[in-house]
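The primary structure of each chain is shown beneath.
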Amino acid sequence: MRLKDPFSLKTADMTKRSKKPRDEDSSDEVGGLTCQHVSRAVDLSSVKKAVTGNLWSVCSDCLKERNMLEGEAAGAHDILVCLKCGFQGCNQAETQHSTKHRQAHHSDSHCITVSLSTWKAWCFECKEELSTHCNKKALAQTLDFLQKHSAKATSGTTSKIISLREEPVDTQRGKSPVNSTLIPVKGINNLGNTCFFNAVMQNLSQTHKLNDLIQDVKEKGHKMKICPPAETNLGPLTVTLPSPEPLTSAMFLFLQSMKEPGKGPVSPKILFKQLCQKAPRFKGYQQQDSQELLHYLLDSMRVEETKRIKAGILKAFNNPTEKTADEETKRQVKAYGKEGVKLNFVDRIFVGELTSTIMCEECEHISTVKEAFIDISLPIIEERVRPALIYCSTIVKHLFLYFISSIRPQQGGAVEQLVSAVSKLGLVHTSTDTLPVSHSPEEPTEIRERDRQHHQGAFQALCHSYTPSSKECSVQSCLHQFTSIELLMGNNKLLCENCTERRQRPMKRSDKKAEKVYTSARKQMLISALPPVVTLHLKRFHQAGMNLRKVNRHVDFPLLLDLAPFCSVTCKNLGSGERVLYSLYGIVEHSGSMRGGHYAAYVKVRTPQRKPELRRNQSGTKEASSAPQGQWVYVSDTSVQTVPESRVLNSQAYLLFYEELL
Ligand SMILES: [Zn+2]
Ligand SMILES: [Zn+2]
Ligand SMILES: [Zn+2]
Ligand SMILES: [Zn+2]
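Calculation notes
Residues numbered from 1 in each chain as written. Chains lettered and ligands numbered in written order. Predicted model: local features only at pLDDT ≥ 70, side-chain atom pairs only at ≥ 80, totals over all residues. Heavy atoms only, no water. UniProt positions renumbered as here; feature names shortened; annotations may be inferred. Helix = DSSP H or I, 4+ residues; strand = E, 2+ residues; numbered from the N terminus. Buried < 20%, exposed > 50% of the residue type's maximum accessible area, 1.4 Å probe, protein only. Contact = heavy atoms within 4.5 Å. Areas by Shrake-Rupley, 256 points an atom, 1.4 Å probe, with all protein chains shown as cover. Donors = N, O, S within 2.8 Å, 3.2 Å for Na, K, Ca; no water. Tetrahedral: all angles 85-135°; square planar, octahedral: opposite > 155°, others 65-115°. Pairing = 2+ DSSP bridges. Axes fitted to C-alpha atoms, helices over the stretch in contact; angles between N-to-C directions. Phe/Tyr/Trp six-rings, centres within 6.5 Å; stacked < 30°, edge-to-face > 60°. Lys NZ or Arg CZ within 6 Å of the ring centre and 35° of its normal. Salt bridge = Lys/Arg side-chain N within 4 Å of Asp/Glu carboxyl O. Arc of directions from axis to C-beta. Polar contact = N/O pair within 3.5 Å; in protein donor to acceptor, adjacent residues only side chain to side chain. Core = buried A, V, L, I, M, F, W, Y, C linked by side-chain atoms within 4.5 Å.

- As annotated in an unreviewed UniProt entry, the protein carries the name Ubiquitin carboxyl-terminal hydrolase and is attributed to Sinocyclocheilus anshuiensis.
- Turning to the protein, the UniProt record has this under Catalytic activity (unreviewed entry): "Thiol-dependent hydrolysis of ester, thioester, amide, peptide and isopeptide bonds formed by the C-terminal Gly of ubiquitin (a 76-residue protein attached to proteins as an intracellular targeting signal)."

Here is the structure:
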């Protein structure tokens, strides 16, 4: 056994010092007879402060030294809390962080600790157990606080502690149990200007869902169950996947080495080499853009996995060819393929959907364009810049998928119409005449009224709009801008195919071709599907004439972000009025100038979330939650240090990683 319990080891010593055996309800005269340290060694307010700001039941020094091992629950070691300063230290034979803490302070004031497994208080100076039922008020109060905090931290809904319980194995899908341990933070070697890569990899390493899913699918022969929608009349199909492709394999091995025992740093050579084989532009060992890299990595793995799933489906049908397959086989392969490719792990973690709704002000025809996103690029409002300039860039997003649909799918050529309408919009946005209209009380009541009557839900967010204060520069104010209603007028008018068609109709008989009709229109972009991990990109770099400029302005970002005001009312899997909470767990920071800049990461070491059985309370709404506990760590290549939350909030964020709060 690795545990060394002072209470069992010191029993002999204790009996020597006390005159008679202890009993639980002993008064001060019996228990803690000789200890005179309580008044100096117990400080409730310091304990409160330290305990609420740190990960519960985890040795702070082990965390710092990155001794947290994969497969070893942190709760396996007894933790002793120093009642002077609230330091949580382990009692492992090899590390003895609790003892070292006391010795480091030389004075006798850090001598009383309480064990989180037995709730017994112990004075190291007197080498005796202290009765907690004594009349030493400070001791009793501090213990009371710790026990209450422990109950809160271990309650099912918040699941903030490391627990030894493992989730039941999902036999149906052959899923391995969710690992209930912390992922350590290790430095990553710089291969020559590769900090842009290292900072992203630190964040991916702390993405629990990525670690879980990649672990799931890494093996050759992994089975995947595909369930096509009911209208296809097809039952579920289980396919066997071939080996993963090279980049995905390299990513898995890298994530694995980040979790392995040992302190690091880790060399990213193999993964980086794989990446450069696919995209030689990253090879130059020049400073690169972190966001571009993240995109490239995720998109490439997505392509690899899609290929793998397709191969699995074809194999299930004995690899039919265009010539040998009958119509029914082709139909089935197509239906399973359509559903199967969505099951790749990248889509299941990072990919969401934006819907932009455009309404012609004259005929009120509504068209929608859906586009998948892997991150949301938010322009930063620069001080003393004409607001119109900002709006131009909102449409330029890094999207790798493009879906188009229409509210009226029966209408012939709807897709083509929308493509032209959208490409028109794209062009329109390069001019600076776009007039932004915020969804505010100044908006004409007439228009809002009309909307409600004719097009319920068309321009409706999931909950009331977020209203930023006038000088606010935050993630929320950027999202507010991003999702606000724009009026397209003047040079930016919409080519309305519906109005054009209407004008054309009476002239059908004659061969004259009617002119295209341009009308004023309203446009709004809202989130229509949210992935488990939302990545926000703050656009700090932008083109100014021939030069690329950097916006250094600080942008506030919350630890807990409510996305409801930016989601459409039709957003998948969400009820209206609900808060849609996401918790910050990682940041890529870019500091310095365009040329001489440096990328580093802030990551939050935290326990993986468990899905609570009851999502709602009695009133049917989600309970007000707070961000899960954790320890923030700053990583710059090989250098790793724990930092307070305040430092994290002051960082110059470039990429922000938020995970869904379960
Ligand atoms: Zn003492
Ligand atoms: Zn320790
Ligand atoms: Zn202490
Ligand atoms: Zn129209």
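Okay, back to it.
### Details of the overall build of the protein
Right, on to step 1. Along the backbone of the protein there are 20 helices and 25 strands.
Right, on to step 2. Across the 662 residues in the protein, those meeting the buried criterion constitute 51%.
Right, on to step 3. Within the protein, contacts between residues at least 6 apart in sequence are counted, and of these 75% link residues at least 24 apart.
Right, on to step 4. Of the roughly 32,000 Å² of accessible surface on the protein, a fraction of 51% belongs to carbon and sulfur atoms.

### Regarding the coordination of the zinc ion (ligand 4)
Right, on to step 1. Only Cys 360 (SG), Cys 363 (SG), Cys 496 (SG) and Cys 499 (SG) from the protein reach the zinc ion (ligand 4) as donors, at distances of 2.2 to 2.3 Å.
Right, on to step 2. Each of the four donor atoms bound to the zinc ion (ligand 4) contributes to angles spanning 106 to 115°, and the resulting shape is tetrahedral.
Right, on to step 3. Here the donor residues of the zinc ion (ligand 4) share one chain and are spaced in sequence as C-x2-C-x132-C-x2-C.
Right, on to step 4. Using a relative accessible area of 2% as the deciding quantity, one classes Cys 496 as buried.

### Considering the sheet that holds strand β4 (residues 121-123)
Right, on to step 1. Taken together, five strands build an open sheet; the order of strands is β2-β1-β3-β4-β5 and the sheet is antiparallel. Sheet topology places β2 (88-90) and β5 (128-130) at the edges, where each strand pairs with a single neighbour. Averaged over all pairs of adjacent strands, the angle between their axes in this sheet comes to 35°, without regard to strand direction.
Right, on to step 2. Pairing geometry for β4 and β5, over three bridges, is antiparallel. Pairing of Ala 121 across the sheet is with Leu 130, part of β5.
Right, on to step 3. Sitting on the sheet, helix α6 (residues 97-104) touches β1 (79-82), β2 and β3 (112-115), and the angle it makes with β2 is about 125°.

### Things to note about the packing of aromatic side chains
Right, on to step 1. For the coordinates displayed, the defined rule picks out nine aromatic pairs.
Right, on to step 2. Plain terms: the ring middles of Phe 197 and Phe 272 are 5.0 Å apart, the flat faces sit at 75° to each other, and that makes the pair edge-to-face. Of the two residues, Phe 197 sits in helix α8 (residues 195-205) while Phe 272 sits in helix α11 (residues 269-278), which places them 75 residues apart along the sequence. Taken individually, Phe 197 and Phe 272 each receive the classification buried, so the pair is uniform in this respect.
Right, on to step 3. With a centroid separation of 6.1 Å and an interplanar angle of 50°, the aromatic rings of Tyr 599 and Tyr 654 are classed as tilted. Highlighted residues: Tyr 599 in strand β22 (residues 598-605) and Tyr 654 in strand β25 (residues 653-660), separated in sequence by 55 residues. Of the two residues, Tyr 599 and Tyr 654, both sit in the buried class.
Right, on to step 4. Taken together, the ring pairs connect Phe 196, Phe 282 and Tyr 296 into an aromatic cluster.
Right, on to step 5. Cation over ring: Arg 647 sits above Tyr 634, and NZ or CZ is 4.6 Å from the ring centre.

### Quick word on the coordination of the zinc ion (ligand 3)
Four donors placed tetrahedrally around a metal ideally meet at 109.5 degrees, and six donors placed octahedrally ideally meet at 90 or 180 degrees.
Right, on to step 1. Binding of the zinc ion (ligand 3) to the protein goes through Cys 82 (SG), Cys 85 (SG), His 101 (NE2) and His 110 (ND1), at separations of 2.0 to 2.3 Å.
Right, on to step 2. The coordination sphere of the zinc ion (ligand 3) comprises four donor atoms, whose angles at the metal cover 100 to 116°; the geometry is tetrahedral.
Right, on to step 3. Positions of the donor residues of the zinc ion (ligand 3) along the chain correspond to the pattern C-x2-C-x15-H-x8-H. Of this pair, Cys 82 sits in strand β1 while His 101 sits in helix α6, and the two are 19 residues apart along the sequence.

### A look at the environment of Ser 484
Right, on to step 1. Mapping Ser 484 onto the fold places it in the loop between α18 (475-482) and β13 (486-488).
Right, on to step 2. Sequence separation of Ser 484 and Gln 524 is 40 residues, and the distance between their C-alpha atoms is 6.1 Å.

### Some details on the pattern of salt bridges
Right, on to step 1. Enumeration according to the criterion identifies 14 salt bridges in this entry.
Right, on to step 2. For Glu 305, the salt bridge identified is with Arg 308, shortest N-O distance 3.0 Å. One end of the pair, Glu 305, and the other, Arg 308, are both in helix α12 (residues 290-316), three residues apart, so they sit about a helical turn from each other. Like Arg 308, Glu 305 is buried.

### Observations concerning helix α4 (residues 44-53)
Right, on to step 1. Those residues of α4 not exposed but buried are Val 47, Ala 50 and Val 51. The buried residues of α4 occupy one face: seen down the axis, they fall within an arc of 95°. Facing away from the buried surface of α4 by more than 90 degrees, the exposed residues are Ser 45 and Lys 49.

### Points about the side chain of Asn 344
Right, on to step 1. With respect to the helices and strands, the residue Asn 344 is situated in the loop between α13 (327-340) and α14 (345-350).
Right, on to step 2. Among the polar contacts listed, one links the side chain of Asn 344 to the backbone nitrogen of Val 346, at a separation of 3.1 Å.
Right, on to step 3. Once residues lying within four places of it in the same chain are set aside, the contact partners of Asn 344 are Arg 302, Glu 305, Thr 306 and Ile 309.

### Considerations on the nonpolar core
Right, on to step 1. In this structure, Met 201, Leu 204, Met 251 and Phe 345 are the most contacted members of the largest nonpolar core, which totals 47 residues.
Right, on to step 2. Leu 536, Val 551, Val 555 and Tyr 658 belong to the second-largest nonpolar core, a separate cluster that totals 40 residues.

### Some words on unusual backbone geometry
Right, on to step 1. Even without being a glycine, Lys 127 presents a positive backbone phi close to 50°.
Right, on to step 2. Note that Lys 127 resides in the loop between β4 and β5.
Right, on to step 3. Residue classification places Lys 127 among the partly exposed residues on the basis of a relative accessible area of 35%.
Right, on to step 4. Although it is not a glycine, Asn 319 sits at a positive phi angle of roughly 45°.

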